[in-house]
Amino acid sequence: MNLNPSQAEAALHTTGPCLVLAGPGSGKTATLTKRTEYLITQCGISPANILVVTFTKAAAGEMRRRFEQNTDKKYRSVSFGTFHSIFFTILKHAYHYSAANIMREETKYQFMREIIAKRRISCEDVAEFSGDILGEISVLKNSGVSLENYYPVHCGKDVFQMLYREYTGYMRNARLIDFDDMLVFTKELLEQRPDIRAAWQQKYTYIMVDEFQDINRLQYETVRLLAGSAANLFVVGDDDQSIYRFRGSMPELMLNFPKDYPSAKIIRLSVNYRCPKEVVQMA
């Protein structure tokens, strides 16, 4: 398998929860792709039952490319994707959404500017204020906090609640969703429809998440719903590195993973393949 002992231990993990702590250059992508291959070729798991999630389209594409480079074509029904692409797939099946239902960025800003003008809200720069409010709406949606309990930074609470309700009301009437709604609606769907939740749990019996330190609460709770009681949840992250806290990521979710899953195996990938010995020693 051409892996070091820690990588091999992770790649050969079969059932149940597992947390892999992996620093930069420790070969986590190789570990994830080898585990995917192992589950299929040695454990008899159908490729269609495996879901591999990461945060960017480029990272998902690279992982798929590296997996397909070393495996037979018949194994290529593994689902590699971002949270948004996977969750939108679930929504498409439930609500028959298409790309036309996704709100364009320019439409979001245009509508927010129209609300601000209609309500005659005073601000120094309408474009900047619109961006600030849309950013706060995104944070609110991803936080799981109710609108009533959210305290905005860029305007008063009453003004923010009015802007939020008008913005979301417009989207609902136009049957539009934004990228945050993909997460919110998927979680609500899986919570409220046990039949749909069970169907997707049967579809994705093995779930792997890369860059787990960048997950937010909404994404984490939705992934847990998908994993269900089988909890075949294999997560990989670096506990010293998180770049998305500004949009709601919570590295502490990764650190609390063993509390949520007391039976979880914890594996550390401690060998650095990216830097020469002198750089690692200096660091």
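Everything discussed here concerns the structure shown above.
Residues numbered from 1 in each chain as written. Predicted model: local features only at pLDDT ≥ 70, side-chain atom pairs only at ≥ 80, totals over all residues. Heavy atoms only, no water.

### Side note on the pattern of salt bridges
- Counting across every chain of the model gives 16 salt bridges.
- Between Lys 34 and Glu 37 there is a salt bridge, with its nearest N and O atoms 3.9 Å apart. Here Lys 34 and its partner Glu 37 are both found in helix α2 (residues 28-41), 3 residues apart, which amounts to about one turn of the helix.
- For the salt bridge of Glu 148 with Arg 165, the shortest nitrogen-to-oxygen distance reads 3.3 Å. Here the residue Glu 148 occupies a position in the loop between α6 (126-143) and α7 (157-173), and Arg 165 occupies one in helix α7, the gap between them amounting to 17 residues.
- Taking the relative accessible area as the measure of exposure, Glu 148 reaches 43% and is therefore partly exposed.
- Among the charged side chains, a network of salt bridges with common partners joins Lys 187, Glu 191, Arg 217 and Glu 221. (Salt bridge = Lys/Arg side-chain N within 4 Å of Asp/Glu carboxyl O. Helix = DSSP H or I, 4+ residues; strand = E, 2+ residues; numbered from the N terminus. Buried < 20%, exposed > 50% of the residue type's maximum accessible area, 1.4 Å probe, protein only.)

### Some points on the environment of Gln 202
- As for its placement among the helices and strands, Gln 202 is situated in helix α9 (residues 194-203).
- It is 9.6 Å that separates the C-alpha atoms of Gln 202 and Gly 228, two residues lying 26 residues apart in sequence.

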